[in-house]
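Coordinate analysis (summary)
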Amino acid sequence: MQGVLHQILSGLATGGIYASLALALVMIYQATHHVNFAQGEMATLSTYIAYTMVTAGWSYWVSFIATVVVSFIMGVVVERVLMRPMTNAPVLALVGVFIGLLLIVNAMTGWIWDFTIKTFPSPFHSSTPLLGGFLSGHELGSTVVTLVMLLCIYLFFRHTSLGLAMRAAAYNPVSSRLVGVRVGWMLALGWGLAAAIGAIAGMMIAPIVFLDPNMMAGVLLYAFAGALLGGIENPLGAVIGGFAVGVIENLGGAYVVGTELKLTLALVIIVAVLMIKPSGLLGRTVMSRV
Amino acid sequence: MSGEITAEATEASTSIRTQPSTRARPVPFAVTVIVLAGAVALTFLVSNYHLFQLTMLVGYAVAILGLNIATGYNGQISLGHGAFYAVGAYTAAILMSNFDVPYWATLPIAAIISAIIGFLIGFPALRFTGLYLALTTFALAVAVPQLLKFKGIEDWTGGVQGIVISKPEAPFGLPLNPDQWLYLFSLGVAGLLFLFAWNLIRGRIGRAMMAIRDHALAAEAMGIDLALLKTRTFAVSAMYTGVAGALSAIAVEFVAPDSFTVFVSIFLFVGLVVGGVASITGAIFGAAFIVFIPNIAEQVSKAAPGAIYGVILIAFMYLMPSGVAGLLRRLYHRLVPSSR
């Protein structure tokens, strides 16, 4: 029983990171109905930027904030430069652009910081495990950071006029434009926010999985699974889905399939959700008339 | 109501506009003969290392052709064809090392096994369209190395170590070295597969495949069985890529899980786009691109091929969505006005 509880708690800790990245995916999906295949690589790039700042001697939290800001700008620039001309392009062209972005960012991180595995510092030092030995200091700390970030995002979308405008632009672009919302810029802000969230997720997972240019491939897959499980139209669903996938991954890895097939578990979740309940647990079923 | 109709109509027309090559246009017979003769002549003209590269090129061309059948002609975007490539490669390697099957006999078996797996994956794929299918197949591609390392099948797959096989000698006492023979053998297999694909695409089934891509509802209304045709298309597509995988395994003489990362699938996709979506000859240009560009780019940096692939992929999406084949076709029609 102790073991199960331990697996669940540490599953929730990594689940928080999946939840963040799932939320980033959903933000872009809601606004544009695109799934950003390069979200993971962008997060990796952000983490490398943080790594550079920390090794240059900046304090961790200054680097943290600087990285979030830089990533936000990066997201906005990518939307403005790459995605804007593709607004009405067919799906194949979009997939092409996303995959192209993935390749470029991946190669760039490999080029600048080379492919060797690096350790990334964690701000949450604790020599003794916490909560009766169930969680490490980093796991607890990263969960707190994730929850605070999710709360901030919730408050931003619910209680600021900019958040309202962004939701409106995603929900009904034509009407929003008529009442004076600059829909194009709202999309760019959404990309920026998604990149910033991805950066936080990257910095939180890097101390666990170690820093290398491909570190996010697996994480991105779990985030996809989480987003789909919760309902890719629903931010709250994506967050819950992310946590759930973290727990499923840990329990499944410990008791069912073993650690070697953990990634396959994500594939199974994705296929199962799409087959059984394509709208996800909290999504609404969309009917389309033809 | 009328709004919906217009939306539907514009959607259909954009998909037609951005994929101009809706018909398989036959390359003039003379050109085909000259290219084939040139390809055969190369056997005796270039070094063994270059022959190995050309054999890989032929393999990739078949793999990209397979991907093109599903993605280009049928509109089922797959980012996971590396999985079928791996299935073909491992089938050939396991048969040759564990069961002493001759190399040429592994190809039909690899074809059948990949086709069955493709057919099975084609079923869930029926429920996904566009981006969701791309997403699911992407997940498959990411999971491939882990599946290959799975302990339960280690006796066959050799686990992380992989399997070493050896290159076949030329049969009937032909005065060829193994590289030359394997190149000619691959060329023959690829020639047959290209001919078969060309016949498939320009016939009734090919038209039905394209009708589904351009307007699934209208295709269904015309009496096309969507589920049947889409799953079978996926199976044929997987079969092609599986045979290509088997050819490449024989040429490389080695298979290991880490040679089949997600990047194999991504590179096949890059080859598809660069060569030309929905173009049979495009597969050859795409294969040439993914074989030769890394060699040139790696002189700059180990990471350069990825960056160049990415930049070129995005550039093609913006500037040349019909790929090299589309560009050549336009040039040809401009130079030979009567061919329009």
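Only a predicted model underlies this, so the values are computations on that prediction, with no experimental measurement involved.

This next bit is on the overall build of chain A. The helix and strand inventory of chain A stands at eleven helices and zero strands. Put simply, chain A runs from its N terminus to its C terminus through helices and strands in the order α-α-α-α-α-α-α-α-α-α-α. Expected size for 290 residues packed as a compact globule is a radius of gyration near 19 Å; at 19 Å, chain A falls within 12% of this value. For chain A, the proportion of its 290 residues judged to be buried stands at 58%.

In this section: the environment of Gly198 of chain A. Residues and elements named next belong to chain A. Within the secondary structure, Gly198 sits in helix 8 (residues 183-209). With 44 residues separating them along the chain, Gly198 and Tyr154 place their C-alpha atoms 16 Å apart. Contacts of Gly198, omitting those with residues within four sequence positions, involve Leu21 and Ala43.

The end-to-end C-alpha distance of helix 4 (residues 91-113) of chain A, which contains 23 residues, comes to 33 Å, matching closely the 33 Å that a straight helix rising 1.5 Å per residue would cover. By the criterion of burial, helix 4 of chain A is predominantly enclosed, with 19 of the 23 residues buried.

What follows deals with the nonpolar core. Counting 197 residues, the largest nonpolar core has Phe37, Val95, Ile99 and Phe224 of chain A together with Phe138 and Phe260 of chain B as the members making the most contacts within it. With 16 residues, helix 8 of chain A is the single largest residue contributor to this core. Residues within four places of Phe138 of chain B in sequence aside, it is in contact with Phe37, Ile99, Leu102, Leu220 and Phe224 of chain A together with Leu79, Val262 and Ile266 of chain B.

Below, the discussion takes up the environment of Val264 of chain B. Residues and elements named next belong to chain B. Residue placement: Val264 occurs in helix 12 (residues 262-275). In the structure, Val264 is positioned 31 residues away from Asn295 in sequence and 16 Å away in space, judged by C-alpha atoms. Not counting chain neighbours up to four residues away, the residues in contact with Val264 comprise Gly82, Tyr85 and Ser259.

Evaluation of the coordinates by the stated rule reveals 22 aromatic pairs over all chains. On the basis of an interplanar angle of 75 degrees and a centroid distance of 5.2 Å, the ring pair of Phe37 of chain A and Phe138 of chain B is categorised as edge-to-face. Here Phe138 of chain B lies in helix 6 (residues 130-149) and Phe37 of chain A lies in the loop between helix 1 (2-32) and helix 2 (39-55), a pairing that spans two chains. Grouping residues by exposure puts Phe37 of chain A and Phe138 of chain B together as buried. Between Trp181 of chain B and Phe185 of chain B, the ring centres sit 6.0 Å apart and the planes meet at 35 degrees, which makes this aromatic pair tilted. In this pair, Trp181 of chain B and Phe185 of chain B both sit in helix 8 (residues 178-202), four residues apart, roughly one turn of the helix. Here Trp181 of chain B falls in the buried class, since its relative accessible area comes to 14%. In textbook terms, an aromatic cluster arises when at least three aromatic residues are bridged by ring pairs, as seen for Tyr60, Trp61, Phe64 and Phe120 of chain A. In this arrangement the basic side chain of Arg80 of chain A is found over the ring face of Trp185 of chain A, its NZ or CZ atom lying 4.3 Å from the centre. For Arg202 of chain B, the ring lying beneath its charged end belongs to Trp198 of chain B, and the centroid distance is 4.3 Å.

This next bit is on the interface of chain B and chain A. Every contact between the two is made by 46 residues of chain B and, on the other side, 49 residues of chain A. Between chain B and chain A, the buried area comes to about 4,200 Å², and carbon and sulfur atoms account for 82% of it. Of all residues in chain B, Leu131, Leu135 and Gln146 of chain B give up the largest surface area on contact with chain A, accounting jointly for 16% of the area buried on that side. At the boundary of chain B with chain A, the tally comes to zero salt bridges.

Moving on, we get to helix 5 (residues 137-159) of chain A. Helical periodicity: at 3.6 residues per turn, an α-helix aligns residues three or four positions apart in one direction. For helix 5 of chain A, built from 23 residues, the straight-helix expectation of 33 Å at 1.5 Å per residue is met to within 8% by its first-to-last C-alpha distance of 32 Å. All of the buried residues in helix 5 of chain A are Gly137, His138, Glu139, Gly141, Ser142, Thr143, Val145, Thr146, Met149, Leu150, Ile153 and Phe157 of chain A.

Moving on to the confidence of the model for chain B. All names here are of chain B. When pLDDT is averaged along chain B, the result is 82, and 90% of the positions lie at 70 or above. Within chain B, no element has a lower average pLDDT than helix 1 (residues 2-18), which sits at 41, and none a higher one than helix 11 (residues 226-252), at 91. Low confidence marks residues 1-24, where pLDDT is under 50. Its contacts with residues over four positions away, or in another chain, come to 22 contacts.

Looking at where Thr71 of chain B falls in the secondary structure, it is placed in helix 3 (residues 48-73). Beyond its immediate chain neighbours, meaning those up to four positions away, Thr71 of chain B contacts Leu92 of chain A together with Gln76, Ile77, Ser78 and Leu272 of chain B.

What follows concerns the packing of helix 3 of chain B against helix 9 (residues 204-214) of chain B. Residues and elements named next belong to chain B. It is the contact of helix 3 with helix 9, at a shortest axis distance of 8 Å, that shows an interaxial angle of 50 degrees. Classed by the angle they form, the pair helix 3 and helix 9 counts as oblique. Every residue of helix 9 that contacts helix 3 at Ile69, Gly72 and Tyr73 is listed here: Met209, Met210 and Arg213.

Here is what the cut-offs are and how they apply
Residues numbered from 1 in each chain as written. Chains lettered and ligands numbered in written order. Predicted model: local features only at pLDDT ≥ 70, side-chain atom pairs only at ≥ 80, totals over all residues. Heavy atoms only, no water. Helix = DSSP H or I, 4+ residues; strand = E, 2+ residues; numbered from the N terminus. Rg over C-alpha atoms; globule rule 2.2 N^0.38 Å. Buried < 20%, exposed > 50% of the residue type's maximum accessible area, 1.4 Å probe, protein only. Contact = heavy atoms within 4.5 Å. Expected span 1.5 Å × (residues − 1). Core = buried A, V, L, I, M, F, W, Y, C linked by side-chain atoms within 4.5 Å. Phe/Tyr/Trp six-rings, centres within 6.5 Å; stacked < 30°, edge-to-face > 60°. Lys NZ or Arg CZ within 6 Å of the ring centre and 35° of its normal. Buried area = accessible area lost by both parts, 1.4 Å probe. Salt bridge = Lys/Arg side-chain N within 4 Å of Asp/Glu carboxyl O. pLDDT = per-residue confidence, 0-100. Axes fitted to C-alpha atoms, helices over the stretch in contact; angles between N-to-C directions. Parallel < 35°, antiparallel > 145°, perpendicular 65-115°, else oblique.

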